Amino acid sequence: MRMRPTLSWSSAEDPEPGTTDPEPVVDALSAGGVLVLSGAGISTESGIPDYRGEGGSLSRHTPMTYQEFTSSVQARRRYWARSHLGWRTFGRALPNAGHRAVAAFERHGLLSGVITQNVDGLHQAAGSEHVVELHGSLARVVCLSCGAFTPRRELARRLQEANTGFEPMPAEINPDGDADLSDEQVGDFRVVPCALCGGILKPDVVFFGEAVPPQRVEDCRQLVRAATSLLVLGSSLTVMSGLRFVRQAAQDRTPVLIINRDPTRGDRHALTRVALPLGPALTGIAARLGVPVDSDEPS
Ligand SMILES: [Zn+2]
């Protein structure tokens with residue numbers, strides 16, 4: 001999923017160590033009109049692993065490209081077998097304190113919206129309403145022939161029925177909802193076609209090697225233009241699909257603030273990078289602003 005990332009920074013971009021002072025973020029939020037750009041780092045506290053952070057999975061997991069997926073029956077078998085198992089983790093994942101704080105900021109009129117690079121739906125699950133899913137959503141499936149969108153849980157049920165007894169133990173679950181399985185474990189997993197036309201089904205997410213739909217990019221650019229400031233949460237900004245919005249904001253002289261434990265490719269455009277874990281950092285910022293955050297008790 002997404003474009004192939006560049007894994008190293010050039011030496012000209014020596015990373016700054018970051019700060020633990022969240023005050024600039026408090027100031028930006030209290031002014032309102034903040035656009036959030038979130039990445040995998042905000043979902044790690046929900047048990048969804050990051051590709052690149054500590055223990056990141058990118059070193060051992062190469063996401064399937066769009067070209068592989070569309071050109072090979074065996075690749076689709078492998079994808080859906082792995083994704084079918086991975087979906088159980090995604091299906092169970094709950095929003096964490098970071099997602100809940102972002103939803104609370106929106107409820108209090110401090111945000112203009114959220115652009116997320118995540119496909120896990122956890123911002124919406126926490127109550128955020130104005131969310132652009134830059135890379136799509138694992139909760140939807142699209143037919144490559146007739147274009148129909150259907151809920152993933154429906155496909156999960158059909159895959160379950162077609163593959164009774166398929167219970168391998170995956171080694172790892174990845175942030176794109178993909179579980180690590182050997183070819184032997186994939187075995188003769190049965191992929192099901194579109195129930196309407198028999199076409200090939202694909203999760204409604206942007207794969208590596210696939211472009212983000214142009215209209216969606218334009219919608220995001222419009223959000224960036226209208227924002228008072230851009231707040232990046234939990235993204236290393238390694239791929240251009242997110243970094244371009246940081247660059248756009250910097251060009252517009254719109255302040256960019258980042259909360260991310262590790263250095264990011266956007267640091268040199270940012271007013272500050274707060275190097276704190278997101279859940280506690282955003283909860284603390286909400287407290288400073290007097291914004292109540294929902295508890296994690298199921299309602
Ligand atoms: Zn179809």
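Everything here concerns the structure above.
All residue numbers refer to positions counted from 1 along the written sequence of the respective chain. Where local features are concerned, this predicted model is filtered to residues with pLDDT of at least 70; where side-chain atom pairs are given and counted, the filter is 80 or more; whole-chain, interface and lining totals use all residues. Hydrogen atoms and water are omitted, and side-chain values are computed over all heavy atoms in the structure.

A. Structural detail: the coordination of the zinc ion. Donor atoms are limited to N, O and S found within 2.8 Å of the metal ion, a distance that becomes 3.2 Å for Na, K and Ca. With water left out, some sites might look partial. Within the protein, the atoms that donate to the zinc ion are Cys143 (SG), Cys146 (SG), Cys194 (SG) and Cys197 (SG), at distances of 2.3 to 2.4 Å. Going along the chain, you hit the donors of the zinc ion in the pattern C-x2-C-x47-C-x2-C. Separated by 51 residues along the polypeptide, Cys143 in strand β4 (residues 136-143) and Cys194 in the loop between α7 (183-186) and β6 (201-205) bring together distant segments of the chain. Here the term buried applies to any residue with accessible area under 20% of the maximum for its type, exposed to any over 50%, and partly exposed to those in between, with areas from a 1.4 Å probe on protein chains only. On the basis of relative accessible area, Cys194 is assigned to the buried category, the value being 7%. Runs of E in the DSSP output that reach at least two residues are strands. Runs of H or I that reach at least four are helices, and both are numbered from the N terminus.

B. Inspection of the sheet that holds strand β1 (residues 34-38) at higher detail. With parallel pairing, 6 strands are arranged side by side in an open sheet as β3-β2-β1-β7-β8-β9. At either margin of the open sheet sits one strand with a lone partner, and together these are β3 (131-133) and β9 (272-274). Strand-to-strand twist in this sheet, taken as the mean axis angle between neighbours without regard to direction, amounts to 20°. Bridging between β1 and strand β7 (residues 229-233) involves 5 bridges; their strand directions are parallel. Counterpart to Val36 in the pairing with β7 is Leu231. Packed on one face of the sheet, helix α1 (residues 23-31) meets β1, β2 (111-116), β7, β8 (256-259) and β9 and runs near 125° to β8. Strand pairing is defined by DSSP finding a minimum of two bridges between the two strands. Each axis is a line fitted through C-alpha atoms, and for a helix only the stretch in contact is used; angles between axes span 0 to 180 degrees, taken between their N-to-C directions. Every residue pair with non-hydrogen atoms within 4.5 Å of one another is taken to be in contact.

C. Focus on the packing of aromatic side chains. A pair of Phe, Tyr and Trp rings is counted when the ring centres sit within 6.5 Å of each other, with Trp represented by its six-membered ring. The angle between the planes then sorts it: under 30 degrees is stacked, over 60 is edge-to-face, the rest tilted. Tallied over the full model, the rule gives 5 aromatic pairs. With a centroid separation of 5.4 Å and 85° between ring planes, the pair formed by Tyr79 and Trp80 is classed as edge-to-face. For Trp80, a relative accessible area of 2% translates into the label buried.

D. Molecular detail of the packing of α1 against helix α10 (residues 278-289). Put simply, α1 and α10 touch, their axes get as near as 10 Å, and they point 55° apart. One finds that α1 runs oblique with respect to α10. Note on packing geometry: the crossing formed by α1 with α10 is right-handed. Contacts from Glu23, Val25, Val26, Leu29 and Ser30 in α1 reach Ile285, Arg288 and Leu289 in α10. Its residues assigned to classes, the contact of α1 with α10 shows 5 nonpolar, 1 polar and 2 charged. Oblique is the label for any angle not under 35 degrees, not over 145, and not in the 65 to 115 range, which are roughly parallel, roughly antiparallel and roughly perpendicular in turn. Left-handed describes a crossing whose near helix is turned anticlockwise from the far helix by less than a right angle; the clockwise case is right-handed. Residue type decides the class: Asp, Glu, Lys and Arg count as charged, Ala, Val, Leu, Ile, Met, Phe, Trp, Tyr, Cys and Pro as nonpolar, and the leftover types, Gly among them, as polar.

E. Main features of the side chain of Arg273. Of note, Arg273 is situated in strand β9. Assessed through its relative accessible area of 6%, Arg273 is described here as buried. Among the polar contacts made by the side chain of Arg273, one reaches the main-chain carbonyl oxygen of Asn260 at a distance of 3.0 Å. At 3.3 Å, the side chain of Arg273 forms a polar contact with the backbone oxygen of Asp262. Polar contact is the term for a pair of N or O atoms within 3.5 Å; when the atoms are in protein, one must be able to donate a hydrogen and the other to accept it, and sequence-neighboring residues count only if both atoms are side-chain atoms.

F. Quick peek at the nonpolar core. Joining through side-chain atoms within 4.5 Å is the link that ties buried Ala, Val, Leu, Ile, Met, Phe, Trp, Tyr and Cys residues into a set, and such a set is a nonpolar core. One finds Tyr79, Trp80, Leu138, Leu155, Phe189 and Leu201 to be the most contacted residues of the largest nonpolar core, which totals 30 residues. Within the residue set of this core, elements represented by two or more residues are α3 (73-92), β4, α6 (152-162) and β6. Per-element tally for this core: the top contributor is α3, with 7 residues. Sequence-distant contacts of Trp80, defined by excluding residues within four places in its chain, comprise Phe69, Val141, Arg152, Leu155, Leu159, Phe189, Val191, Leu201, Lys202 and Pro203. Formed by 26 residues, the second largest nonpolar core is a distinct cluster that contains Ile42, Leu110, Leu231 and Val274.

G. Summary view of the sheet that holds β4. On the basis of which strands lie adjacent, the open sheet formed by 3 strands has the order β5-β4-β6 and antiparallel pairing. Of all the strands in the sheet, the pair left with one neighbour each is β5 (149-151) and β6. For this sheet, the mean inter-axis angle between neighbouring strands, taken without regard to orientation, is 45°. In this structure, β4 lies alongside β5, joined through 3 bridges in antiparallel fashion. What sits directly across from Val141, in β5, is Thr150. Where α6 meets the sheet, its contacts fall on β4, β5 and β6, and the angle it forms with β5 comes to roughly 70°.

H. Structural detail: the pattern of salt bridges. Whenever Lys or Arg places a side-chain nitrogen within 4 Å of a carboxyl oxygen from Asp or Glu, that contact is recorded as a salt bridge. Tallying each qualifying case throughout the model produces 10 salt bridges. One salt bridge in this structure joins Asp204 and Arg140, with 2.8 Å as the shortest N-O distance. One end of the pair, Asp204, is in strand β6; the other, Arg140, is in strand β4, and 64 residues separate them in sequence. Here the salt bridges do not stand alone but share partners, grouping Glu133, Arg140 and Asp204 into one network.

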